[in-house]
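Given next are the chains, with one letter for each unit.
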Amino acid sequence: MNFQSVAVTVLLLLQMPLIVKAQFDFFEQMFGDGGPRSHGGRHDQYTEGSPLWYESNYESVQCKDYVCQDTLSCVKKPTDCPCVFPDSEEKCILPDKKNYICISKNGRGCSFVEKAWKGLV
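Residues numbered from 1 in each chain as written. Predicted model: local features only at pLDDT ≥ 70, side-chain atom pairs only at ≥ 80, totals over all residues. Heavy atoms only, no water.

**Brief notes about the side chain of Thr79**
Thinking step 1. Here Thr79 shows up in the loop between strand E2 (74-75) and strand E3 (89-93).
Thinking step 2. The contact partners of Thr79, leaving out residues within four places of it in the chain, are Lys91, Ile93, Lys97, Lys98, Asn99 and Tyr100. (Helix = DSSP H or I, 4+ residues; strand = E, 2+ residues; numbered from the N terminus. Contact = heavy atoms within 4.5 Å.)

**Section: the state of the cysteines**
Thinking step 1. Following the criterion strictly, the structure yields 4 disulfides and no others.
Thinking step 2. Disulfide partner of Cys83: Cys102, at an S-S distance of 2.1 Å. Measuring handedness by torsion sign, the sulfur bridge of Cys83 and Cys102 sits at about -95 degrees and is left-handed. Of the two residues, Cys83 is situated in the loop between E2 and E3 and Cys102 in strand E4 (residues 100-104); the sequence distance between them amounts to 19 residues.
Thinking step 3. For Cys83, a relative accessible area of 9% corresponds to the buried category.
Thinking step 4. By relative accessible area, Cys102 is classed as partly exposed at 23%.
Thinking step 5. Across the disulfide from Cys92 sits Cys110; the S-S distance is 2.0 Å. Disulfide Cys92 to Cys110: torsion about the S-S bond roughly -85 degrees, handedness left-handed. Of this pair, Cys92 sits in strand E3 while Cys110 sits in helix H3 (residues 110-117), and the two are 18 residues apart along the sequence.
Thinking step 6. Given a relative accessible area of 1%, Cys92 falls into the buried group.
Thinking step 7. For the protein chain, the bonded cysteines connect in the pattern 1-3, 2-4, 5-7, 6-8 when numbered consecutively along the sequence. (Disulfide = S-S within 2.5 Å. Buried < 20%, exposed > 50% of the residue type's maximum accessible area, 1.4 Å probe, protein only.)

Without other data, these values stay purely geometric and don't point to any function.
Structure below.
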C-alpha cells in the first residue's frame, strides 16, 4: 500500500462515524422512533387530539361503566355518551337502542336518520 491509499483509508475511517450518524438522523427524522418530540421543527406526536394522545388518555380514564370513544366521558351505557360538539350537534339514538349518531343541528334531524336506518331514503 502506498501513502496515498493509506491516507484515503484513514480519512474514510475518521469520517465513517459522521456518515453513519447522518444516516440515522435522516431515518429518525423521516420515520420517527415512536417517542414524543420536543425539539424544534418536529410535530409533537402527543398533541391533544392526536392518536397517541388519545390512546394514552383513554388508558388513563378511570371509569367503572363505559368510556365514550369520542369524548372519553364516563357514562352508564353507550347511548348516554355526549356528542363531541353539543352546541352544533344533535344526538340521535338509533332504532336498535344500543347505538347513537351525532348529526348537525342544521341538518335533516333524527327523523331522517331513522328513515335511513330503515332503508326508506
